[in-house]
Every structure is written in structure tokens, then in C-alpha cells.
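Residue-level structure breakdown
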Amino acid sequence: MKRISLYIITIILLLFPSFVLAQDVSVPGPQPISLERALKLAPDEGKKILIDVFATWCPYCKRMHSEVYPSDAVQEAISKYFLWVKIDVESDATVNYHGEEMTEAQFAQALENQNVPTVYFLNDEGAIIGSQPGYLEEAVFSNLLNFVGSDAYLDQSFKEYTEGE
């Protein structure tokens, strides 16, 4: 009996890390909202819209969501300047962009998205300001969010902005 108990405990301990790693990572702070809601709220809140285009199979997307988005600096920048929307390039979930219904996959195509992850920056009216493809380390991403969010991009380059800090 003691041997069976030891065996069961060993199996549980071996499976537990896999169970924990398989769970969705909950990001503290601002949470993603629907595109339609972001478009409605942005003008009233004076915020831009951050579109996070990802794929569930993408390892760099998973790293962004588990390591970069949860960081304090990124969460602070999102909270201050943006409404956050997540778009899955393979999702059939419906989004509404200025009255036009489409799937998330179709919206990603309408953005002419070529890579995942990619972030798109929209102004408070929903027009695209710019985009940045690829995985970004936390420090670079938080700087980019602050650069775009604060409108520093209007009168200086990102290099000038980061060198001035």
C-alpha cells in the first residue's frame, strides 16, 4: 500500500507542472476588450487602440502574452494610453469595425497582417497609426507603447525618443 501511495504521489507531481503550464496566463491590470467596445470608448477616454494580432500556435505570441504583457511597465503604458484588443488570425469570432461585421481572421487580413505577433496602433477614431511585427522584449515594448501613446512619434524618431531617456 505504501508503494502504491508513493507511485500515485509521483505521478501527481510529474503531471502538476504540465497542468500549471497549460493554464492561460492571466495578465493583471487592463484586460483586452472587444474591437467594437474599444472603438466606442476610445474617443471618450482619449485613448488609442492597441491591436494585438496573434495565433494560438505561435510560440512568440505565447511568450509575449506570458512574459511581456504581464510586466508592470507594459501594463502601466497600456493602462495610461491604450484600449487593448486581441485578434486571433485564425478565429471565426465576429468583430465589428465601424459597422462592418467580419471574423477576426478577416479583420487581420484587412489589416494586411503578414506576421504574428504584430501590434497595430490605432488612433481614437480607429485609423491605423502604425504597426510593429515580431516579438519584443519588455523594455523595448514598453518604450514603444509610451512613444506611440504619448504622441512622441509625431516629432521624433523612436531612436531619438529612447536615447533621450
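A brief structural summary. All values derive from a computational prediction rather than experimental measurement.

**Examining the overall build of the protein chain**
For the protein chain, the helix and strand inventory stands at seven helices and six strands. Helices and strands appear in the protein chain in the N-to-C order α-α-β-α-α-β-β-β-α-β-β-α-α. Counting across all 165 residues of the protein chain, residues that qualify as buried make up 38%. Accessible surface, the protein chain: about 10,000 Å² in total, of which carbon and sulfur atoms supply 54%.

**Looking at the environment of E90**
Here E90 lies in the loop between β2 (82-88) and β3 (94-97). Those residues in contact with E90, other than ones at most four positions away along the chain, are W57 and A105. Reaching out from E90, the side chain makes a polar contact with the side chain of W57 at a distance of 3.1 Å.

**Quick notes on the pairing of β2**
The buried fraction of β2 is high, at six of seven residues. The sheet contact formed by strand β1 (residues 48-54) and β2 spans seven bridges and is parallel. Looking at the pairing, F54 lines up with D88 of β2.

**With respect to the sheet that holds β1**
What the four strands build is an open sheet, ordered β2-β1-β5-β6; its pairing is mixed. Sheet topology places β2 and β6 (128-133) at the edges, where each strand pairs with a single neighbour. Within this sheet the neighbouring strands show an average axis-to-axis angle of 20 degrees, counted without direction. Against the sheet, helix α4 (residues 72-81) makes contact with β1 and β2, and its axis sits at roughly 110 degrees relative to β2, the strand it touches most. Strand contacts of helix α6 (residues 138-149): β1, β2, β5 (118-122) and β6, with the helix running at about 20 degrees to β5, the strand carrying the most contacts.

What counts, and where the lines are drawn
- Residues numbered from 1 in each chain as written.
- Predicted model: local features only at pLDDT ≥ 70, side-chain atom pairs only at ≥ 80, totals over all residues.
- Heavy atoms only, no water.
- Helix = DSSP H or I, 4+ residues; strand = E, 2+ residues; numbered from the N terminus.
- Buried < 20%, exposed > 50% of the residue type's maximum accessible area, 1.4 Å probe, protein only.
- Areas by Shrake-Rupley, 256 points an atom, 1.4 Å probe, with all protein chains shown as cover.
- Contact = heavy atoms within 4.5 Å.
- Polar contact = N/O pair within 3.5 Å; in protein donor to acceptor, adjacent residues only side chain to side chain.
- Pairing = 2+ DSSP bridges.
- Axes fitted to C-alpha atoms, helices over the stretch in contact; angles between N-to-C directions.

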